[in-house]
Amino acid sequence: MERFVSSVTRLTADLVKHPQTNSNEVVDTLFSEVSALEDDVKIVDPQLEQCAIQLWNWAVSKNVGDSVSTSQKAKARHAACCLMYCSEPVNPPEGTIRKQILMAGRTGRTWLDCKNPEMADHFLRLAIKSVETLFGLLTARGHGTPDNDSLKMDVEKDLLRILSYQAESAVIQGRHQEAVAHVQRCKDMLHRLPTQTSFLSLMCYNFGIDTYHHQKFEECTFWLRQSYDIIKINVKYAPEAQVQAKVLRLLATAYLEWDALRFHGEALIAVDMANKKCVSTSGLFLKITILLRGGASDESIAAGLDEMLRADVSLEICLSAVKLLLSENREAPAFELLKRASQQFESSPALGTALVLHIELLLHRDKELLGKQKIEDVINVHYTGKQLAPQDLTSLHAMLWDKAAKYVEATDYSEALQWYNYSLSFFQAGDMDSNLAKLQRNRTFCFMQLKQLEKAKEAVHEAERCDPDSIFTQFSLFKIAMHENDAERAAKAVNTMALLSKNLEAAGPVSENATSSLLCRAAQIALENKQQDTATKVLENLCETCKDEALVLKALRCLVRLVLTTVEASDDEKRDGSLDALLPYLKMALQKLSQRLCLTAEQCTEEANWFRKIAWNAALQCESNPDRMRDFFVLSYQLSQMCRPDRAILMAQKTCLLMAAAAALEWCRAAPHADRTQDLSGALEHIALCTEVWKTLKATGSYPKDPTDTLLLLYEFEARAKLNDPEVASVLDSILEQDNVEAKVLQTIAALAMEPPAHFPLLCKKALRVALSVHKKQAQVDPTQCSQCIHSLIKLSLPSGASQMEARLLHEAWDYYEEALAVIAASPDALPETQILWLLTRAWNTGILLYSLARYLEAEKWCGLGMSFVRHLGPLQDSYKTQMTQLYSKILDRLDSAKNNTSILEG
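Each chain has its residues counted from 1, running along the sequence as written. Thresholds applied to this predicted model are a pLDDT of at least 70 for local features of residues and 80 or more for the giving and counting of side-chain atom pairs; totals over whole chains, interfaces and linings are not thresholded and use all residues. Side-chain figures throughout are based on the complete set of non-hydrogen atoms in the structure, without hydrogens or water.

Got a sec to walk through the overall build of the chain? Specific residues and values, please.
Helix and strand assignments come from DSSP, with helices taken as H or I runs of at least 4 residues and strands as E runs of at least 2, each series counted from the N terminus. The number of helices and strands found in the chain is 41 helices and 0 strands. Taken over the C-alpha atoms alone, the chain extends approximately 185 × 95 × 45 Å along its principal axes. Within the structure as shown, the chain displays about 44,800 Å² of accessible surface, and the carbon and sulfur contribution to it stands at 51%. Positive charges are assigned to Lys and Arg, negative charges to Asp and Glu, while His and the chain termini are left out of the count. The atom standing in for a charge is NZ when the residue is Lys, CZ when it is Arg, CG when it is Asp and CD when it is Glu. Positive and negative charge centroids in the chain, built from 99 and 116 side chains respectively, lie 2 Å apart. Throughout, the Shrake-Rupley method with a 1.4 Å probe supplies accessible areas, and for residues the shown protein chains are the sole cover considered.

Could you give an account of unusual backbone geometry, with specific residues and numbers?
Residue Pro757 is bonded to the preceding Pro756 through a cis peptide linkage, with omega at 5 degrees. You can see Pro757 is positioned in the loop between α35 (743-754) and α36 (761-776). Notably, Gln215 is not glycine yet its phi reads approximately 60 degrees, a positive angle. As for its position among the elements, Gln215 is in the loop between α9 (197-213) and α10 (217-233). The phi dihedral of Lys451 is positive, around 65 degrees, even though this residue is not glycine. With respect to the secondary-structure elements, Lys451 resides in the loop between α21 (434-449) and α22 (453-466). Throughout, exposure labels follow a simple rule: accessible area from a 1.4 Å probe, protein chains only, divided by the maximum for the residue type, with under 20% read as buried, over 50% as exposed, and the rest as partly exposed. For Lys451, a relative accessible area of 68% corresponds to the exposed category.

Got a sec to walk through the nonpolar core? Specific residues and values, please.
Membership of the largest hydrophobic core comes to 86 residues, with the highest contact counts inside it found for Ile290, Val322, Leu325, Leu396, Leu400, Trp419 and Phe426. Should any heavy atoms of two residues lie within 4.5 Å, those residues are counted as being in contact. In this structure, Ile290 is in contact with Ala252, Leu256, His264, Ala267, Leu268 and Val271, ignoring residues within four places of it in sequence. Buried Ala, Val, Leu, Ile, Met, Phe, Trp, Tyr and Cys residues that are joined via side-chain atoms within 4.5 Å together make up what is termed a nonpolar core. The next biggest cluster of nonpolar side chains, apart from the first, holds 82 residues, and it includes Ala490, Val552, Ala589 and Cys604.

Give a detailed account of the pattern of salt bridges, specifying residues and quantitative values.
Criterion for a salt bridge: a side-chain nitrogen of Lys or Arg within 4 Å of a carboxyl oxygen of Asp or Glu. The full count for this structure, using the stated rule, is 49 salt bridges. The residue Lys403 makes a salt bridge to Glu368 at a minimum N-O spacing of 3.0 Å. Pair noted here: Lys403 is in helix α19 (residues 390-409) and Glu368 is in helix α18 (residues 368-382), with a separation of 35 residues, a long-range link. Residue class for Lys403 comes out buried when judged on its relative accessible area of 10%. Taken together, the shared-partner salt bridges connect Glu454, Lys457, Glu484, Asp486 and Arg489 into one network.

Describe helix α38 (residues 807-826), with residues and values.
Given a rise of 1.5 Å per residue, 20 residues ought to cover 28 Å, and the 29 Å separating the end C-alpha atoms of α38 matches this to within 8%. Leu809, Leu810, Glu812, Ala813, Trp814, Tyr816, Tyr817, Ala820, Val823 and Ile824 are the residues of α38 that are buried. In this fold, the buried residues of α38 make contact with α36, α37 (783-797), α39 (833-852) and α40 (856-867). Under the convention used throughout, the expected extent of a helix is 1.5 Å for every residue step, that is, one less than its residue count.

Summarise the packing of aromatic side chains; cite the residues concerned and give the values.
Each aromatic pair joins two rings of Phe, Tyr and Trp (for Trp, the six-membered one) with centres within 6.5 Å, and gets the label stacked for planes under 30 degrees apart, edge-to-face for over 60, and tilted for any other angle. Applying the stated criterion across every chain yields a total of 15 aromatic pairs. Taking the centre distance of 5.0 Å and the plane angle of 90 degrees together, the rings of Trp814 and Trp862 count as edge-to-face. Of the two residues, Trp814 sits in helix α38 while Trp862 sits in helix α40, which places them 48 residues apart along the sequence. Given a relative accessible area of 3%, Trp862 falls into the buried group. By the ring-pair criterion, three or more aromatic residues cluster together here, those being Trp814, Tyr817, Trp862 and Phe869. A positively charged side chain is recorded as over a ring if its NZ (Lys) or CZ (Arg) lies within 6 Å of the ring centre. The angle to the ring normal must also be within 35 degrees. One cation-aromatic arrangement involves Lys861 over Trp814; the distance from NZ or CZ to the ring centre is 4.3 Å.

An account of the confidence of the model for the chain is requested, with residue identities and associated values reported.
For every residue, the predictor states its confidence as a pLDDT score lying anywhere from 0 to 100. Residues at a pLDDT of 70 or more form 94% of the chain, whose mean pLDDT is 87. Of the regions scoring below 50 in pLDDT, residues 899-907 engages in 25 contacts with residues more than four places distant in sequence or in other chains.

How would you summarise helix α13 (residues 281-293) if you had to cite specific residues and measurements?
Over its 13 residues, α13 runs 18 Å from end to end, which matches the ideal 18 Å to within 8%, given 1.5 Å per residue. The set of residues buried in α13 consists of Gly283, Leu284, Leu286, Lys287, Ile288, Thr289, Ile290, Leu291 and Leu292. In this structure, the buried residues of α13 make contact with α11 (241-259), α12 (264-277), α14 (298-310) and α15 (315-327). One or two steps after α13, the chain reaches Gly295, where phi turns positive at roughly 75 degrees.

Break down the environment of Ala405 for me, citing the residues and quoting the values.
Mapping Ala405 onto the fold places it in helix α19. Judged by its relative accessible area of 35%, Ala405 is partly exposed. Distance in space between the C-alpha atoms of Ala405 and Thr708 is 65 Å, their sequence separation being 303 residues.

I'd like a rundown of the packing of helix α32 (residues 677-698) against helix α33 (residues 708-722), residues and numbers included.
Describing two packed helices takes the angle between their axes plus the distance from one axis to the other. Orientation of α32 relative to α33, taken along the N-to-C sense of each, is 160 degrees, at an axis distance of 10 Å. Taken together, the axes of α32 and α33 are roughly antiparallel relative to one another. The hand of the α32/α33 crossing is left-handed. Contacts between α32 and α33 involve Leu680, Leu684, Ile687, Cys690, Thr691, Trp694 and Lys698 on the former and, on the latter, Thr708, Asp709, Leu712, Tyr715, Glu716, Ala719, Arg720 and Lys722. Residue classes follow a fixed rule: Ala, Val, Leu, Ile, Met, Phe, Trp, Tyr, Cys and Pro count as nonpolar, while Asp, Glu, Lys and Arg count as charged, and any other residue, Gly among them, counts as polar. Across the contact of α32 with α33, the residue classes tally to 8 nonpolar, 2 polar and 5 charged. Each axis is a line fitted through C-alpha atoms, and for a helix only the stretch in contact is used; angles between axes span 0 to 180 degrees, taken between their N-to-C directions. Here roughly perpendicular refers to angles of 65 to 115 degrees, roughly parallel to angles under 35, roughly antiparallel to angles over 145, and oblique to all remaining angles. Should the near helix be turned anticlockwise from the far one by less than a right angle, the crossing is left-handed, and should it be turned clockwise, the crossing is right-handed.

Account for the packing of helix α24 (residues 487-502) against helix α26 (residues 532-545), naming residues and giving values.
At a closest axis distance of 10 Å, the pairing of α24 and α26 adopts a crossing angle of 5 degrees. Considering the angle they form, α24 stands roughly parallel to α26. In this structure, α24 uses Val494, Asn495, Ala498, Ser501 and Lys502 to contact α26, whose residues at the interface are Thr534, Lys537, Val538, Asn541, Glu544 and Thr545. Looking at side-chain class alone, the contact of α24 with α26 contains 3 nonpolar, 5 polar and 3 charged residues.

How would you sum up the side chain of Ser87? Please name residues and give values.
Structurally, Ser87 is set in the loop between α4 (70-86) and α5 (94-113). We call two N or O atoms a polar contact when they sit within 3.5 Å, provided that within protein one can donate a hydrogen and the other can accept it, with sequence-adjacent residues counted only if both atoms are side-chain atoms. Of the polar contacts made by the side chain of Ser87, one reaches the backbone oxygen of Leu83; its length is 2.9 Å.

Account for the side chain of Arg676, naming residues and giving values.
Among the structural elements, Arg676 can be located in the loop between α31 (647-670) and α32. With a relative accessible area of 18%, Arg676 lands in the buried category. Ignoring sequence-local partners within four residues, the contact set of Arg676 consists of Trp667, Cys668 and Ala671.

For the environment of Leu30, give the residues involved together with the corresponding values.
Secondary-structure assignment places Leu30 in helix α2 (residues 23-35). As a C-alpha pair, Leu30 and Lys75 span 45 residues in sequence and 8.4 Å in three-dimensional space. When sequence neighbours within four positions are dropped, the list of residues in contact with Leu30 reads Val8, Leu11, Thr12, Leu55 and Ala79.

Below, the structure is given as structure tokens:
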């Protein structure tokens, strides 16, 4: 125990003598140390009692300000009180017991303030025990001594206070009967302590408030009745009448909320008693509520209302009572009260509120005729010096517009105008008000529906005067312009709407959705009036400004349809212009679909598929413009990427990319000398993408007759050849590696290898040789096709000048001539004479050229080769035979003399 005493002494000293220390940690440590002691442990040590007093005084000194929390104060008092009891001697003196009562009672109170009633109960029991001990000591002294009687009275006050704390703790913990017992002991003591009457009454009232908030109405009414009963025990020391009335009103309210029908009588008695004690607005209003909830007759309610009016309550309370009556379907007393209140407060500035409410009630109950009469009365009053307050005027306008809107919805535009005109009556001439502009726009709409165009124009001009920068005003101007077929004014209004839609701040308090809706409606009106140019402009502006992807796509669909109607009905020149206009719409659709902000996967697929088909069909109409065709096919492919990749979509993607590549190459052929590097590179990109798509497709099934593989290689060969790409040779190898490659494909490759700006003669000859081989392997050899291959090979192989007369080239060309002779021999009549004549002429001229170079043996050989074709010339044979024989004889005669006498044969 010495360690305990030493620790407590040190901690208390640190807390009291060193305020700069961390008081929270010290208090927590003391609280833990003391709480660990057994309840019946006694340590009679003056140091502990001194620590208890110092610790208690420290806690008391912290009551001012918030430097120490209530919880920390409770812990400090807890420790001090425990130390005081722990250090008490066997027979403590009266002074010590009084200290214990004070400390235990206030410690319990502090724990209650911390919402910890369980902890409070322990100290309150200690306090009760100490009170009983002290009272026993005082009683043992005897009776009749004034000082002794006074001391006993003080002890009883302490007892009542502690019992009240115990009652409060029991209420907090829901131990109602325990709380009742404690309060009953307190009540029994009031005869000796009459001055505590008010305290005890207010305590029960507070218990009533707590239980009311927890909707424990049975306990609530008990405590409130106790509060009032305690008042009656000693009226002299009771709370003031105002407080008594408050207790009774809460009691009436509790009965009302507990069961209005069952306790109707009790609630009414309580509120009447409250009003007799101290009449108040809330009490009078509560009485009306009780009467209504209890199902009282109109006569009883009227009596309650009379009582209210006699008490000079405010107009606001009267109006609240009117609304309450109407909520309970008591129209007769409600309207009577409203009428009497209006008369009683005729000179009140708040009279307008009553009048507006009267109108509202009439209109809500479909008493329109009476409502109109009252409105006209209000208009007259408004212009005879008793103007409505701004808030009342705002409420009235809202009612009138709401009524008009319902008639608009019912297409009764004449009746709607009447209600709008009532609202207009409250505006002054020349007012500049956005609400006035809105009102005039609404009137414009009604006039247009009634075919009263001049009145509509007057109304919209007033709206324009008040609020020219409103998109709604411009829309009204647009509608009138369209109605009058005034395209110029309509276009002006559309332009203004477009500017306002791009700058919503200037357009006034209007949402993006409202702006988009107006533009949609404007486009619809333009289309209904067959003003396609105007509709197009409106829809384009909608697409630029609207953030709703679904709405933009809807507008783009409409724009596309408008363009397509002109495409179908136009000549070629106009059709090209329309197709050019279609392209940006499809690009915008692709952009919006790529964002996918507000669309579901199904919606995105549906939209993309629709625009994909449009792009596809547009591409098919661009035969005369391959550049545009390519763009449309590329767009169709890009849009198809937004769709589910099923087999049909993959086929479409493959075809789009294939056609895009073909169109790009066609575009390059149209201008062979222009720089088409970008177009050719783009074609290669299309080919690469198409190859990947085609691989995916082939993995899903067999396509034995599909020429895609061949076409891709042909297109790649052409693009790389025109780009002078060395990879072109590997493309040809890929073609040659195909099974059953067609001679036609190889001949096409040969032509592409030499088509400007491409120049690949070696690749051309390679392709032609394979093509010739393929032709010769056919069961039925086509001599014409063979001859064409040979013709091209000879043309590529024969030297074209003296400097190119290499033996290798001549040998290669000689082999091709032998092939030609073999073809002719196999089919003598198959080749046309012009083909044979070309072979003859090229061979003869080669011989003559060799002769001029003094290469006589080779010259004789080539001239002889040319002579071998003469017999195949048909009708021309005789004339060429004679001419060539003579020349050939001369050549042979001159070989020995090596004369350079040349003769070039003209074919």
